[in-house]
Amino acid sequence: MSGSSSSSSEINNNNSSEIQSLTSLPPNSVLLSQGAEARVYSLDFMGKSAVVKERFPKKYRHPLLDKKLSSHRMKTEVRSITKVRKIGVETPCIYFVNKENNSIVMERVEGVTVKQYLFDNIMGIKSGGLQSSSSDDMSDMVEKGEIQYTESCYQACTVLGETIARIHDADVVHGDLTTSNFMLRNAIPTNIVAIDFGLSYVSSLAEDKAVDLYVLERAFLSTHPLSNALFEAVLQSYTSASKKSKATIAKLEQVRPRGRKKLHFG
């Protein structure tokens, strides 16, 4: 016990300065991606491979409003991640939350996004999946219906549906369901990790969850060629796994026509 407590105090003492220094990014950080709301950097944090998600100021907003909105969204993201982790949904582990600059330091998940995995596992495409084919070749294959996904892709989509069902049953709406916002840890199709809860919120309304699913459906159709069967696998596993799926799926049928109308007419 004494070794454990001394180790714990050593971590606290040695890393207090490291934690305080996160009011600015450390020199070992590397920009990984940038979205509309935040930048994501990789870094070493207390000896762990980590990422920091840092919300940047929006110049078009009043500084006080911007700070309030950024703080609110950061807190909501942390609460959503914590809430779904409690019911067993795999998410990155949160290491540190910095309220000063609205940043979150969390585990770096080793693996690939579901999006990339589906690209890499289309049958009939040589050496490295979708990215190795020309757009002309891809268009021909789509027209001829020659694209097929491997069984592991359907496995990943089944687990994806189950994961979303658990998130929704916790009354958390993700807000940005795309195949880019789920990772496969170590590229294993059954090890799904939900990421980027930056637009999430709490809601028990079936319509909010249906809109979440509709966003995912549009992401499949626009990103993954001939993926109707894949999304159907997501919906089937969602329906089986969710205790509240009946109302949500019924609302999805109502949301679809409205969504299509909006796409046509703006």
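Residues numbered from 1 in each chain as written. Predicted model: local features only at pLDDT ≥ 70, side-chain atom pairs only at ≥ 80, totals over all residues. Heavy atoms only, no water.

Student: Describe the packing of helix α5 (residues 151-169) against helix α6 (residues 206-223), and please don't skip the residues or the numbers.
Tutor: Interaxial distance between α5 and α6 falls to 11 Å at its minimum, and their mutual angle equals 155°. Classified by the interaxial angle, the pair formed by α5 and α6 is roughly antiparallel. The crossing of α5 and α6 is right-handed. Of the residues in α6, those touching α5 at Cys-157, Leu-160, Ile-164 and His-168 are Lys-209, Asp-212, Leu-213, Leu-216 and Phe-220. For the contact of α5 with α6, the residue count by class is 6 nonpolar, 1 polar and 2 charged. (Axes fitted to C-alpha atoms, helices over the stretch in contact; angles between N-to-C directions. Helix = DSSP H or I, 4+ residues; strand = E, 2+ residues; numbered from the N terminus. Parallel < 35°, antiparallel > 145°, perpendicular 65-115°, else oblique. Left-handed = near helix turned anticlockwise from the far one by under 90°. Contact = heavy atoms within 4.5 Å. Nonpolar A, V, L, I, M, F, W, Y, C, P; charged D, E, K, R; others polar.)

Student: How would you explain the environment of Gly-198 if you had to name every residue and give the values?
Tutor: Mapping Gly-198 onto the fold places it in the loop between β11 (192-194) and β12 (201-202). Relative accessible area serves as the criterion here: at 11%, Gly-198 is assigned to the buried category. Those residues in contact with Gly-198 that sit more than four places away from it in its chain are Lys-53, Arg-55, Arg-73 and Glu-77. (Buried < 20%, exposed > 50% of the residue type's maximum accessible area, 1.4 Å probe, protein only.)

Student: Describe in detail unusual backbone geometry, supporting the description with residues and values.
Tutor: Backbone geometry places Met-46, a non-glycine residue, at a positive phi of 55°. In this structure, Met-46 sits in the loop between β2 (38-45) and β3 (48-55). Residue Asn-102 is not a glycine yet carries a positive backbone phi of 55°. Examined against the element boundaries, Asn-102 turns out to sit in the loop between β4 (94-98) and β5 (103-107).

Student: Can you lay out the pattern of salt bridges for me, pointing to particular residues and giving the numbers?
Tutor: Summed over all chains, the structure comprises 13 salt bridges. Between Arg-256 and Glu-217 there is a salt bridge, with its nearest N and O atoms 2.9 Å apart. Placement of Arg-256 in helix α8 (residues 245-265) and of Glu-217 in helix α6 is noted, with a sequence separation of 39 residues between them. Note on Arg-256: relative accessible area 12%, which makes it buried. Taking the relative accessible area as the measure of exposure, Glu-217 reaches 12% and is therefore buried. (Salt bridge = Lys/Arg side-chain N within 4 Å of Asp/Glu carboxyl O.)

Student: Talk me through the sheet that holds strand β10 (residues 182-185); I want residue IDs and the actual numbers.
Tutor: Remark on secondary structure: sheet strands pair via backbone hydrogen bonds, oriented parallel or antiparallel. Pairing within the open sheet is antiparallel, and its 3 strands lie in the order β6-β10-β11. At either margin of the open sheet sits one strand with a lone partner, and together these are β6 (111-113) and β11. Each neighbouring strand pair of the sheet contributes to a mean axis angle of 30°, computed without reference to strand direction. In this structure, β10 lies alongside β11, joined through 3 bridges in antiparallel fashion. Its bridge partner being in β11, Leu-184 is matched across the sheet by Ile-192. (Pairing = 2+ DSSP bridges.)

Student: Which residues make up the nonpolar core, and what are the values?
Tutor: Residues Leu-118, Ile-164, Ile-167, Phe-182 and Phe-220 are the most contacted members of the largest nonpolar core, which totals 38 residues. Taken together, the elements giving at least two residues each to this core come down to α2 (63-86), α3 (114-120), α5, β10, β11, α6, α7 (228-241) and α8. Broken down by element, this core gets its largest block of residues, 8 residues, from α5. Those residues in contact with Ile-164 that lie beyond four places of it in its chain are Leu-177, Phe-182, Leu-213, Leu-216 and Tyr-238. Of all hydrophobic cores here, the second largest spans 7 residues; its members include Tyr-41, Phe-45, Ala-50 and Val-105. (Core = buried A, V, L, I, M, F, W, Y, C linked by side-chain atoms within 4.5 Å.)

Student: Report on the side chain of Asn-101, specifying residues and quantitative values.
Tutor: Within the secondary structure layout, Asn-101 lies in the loop between β4 and β5. One polar contact links Asn-101 to Ser-103, side chain to side chain, over a distance of 2.7 Å. (Polar contact = N/O pair within 3.5 Å; in protein donor to acceptor, adjacent residues only side chain to side chain.)

Treat this as a map of the structure, not an account of what it does.
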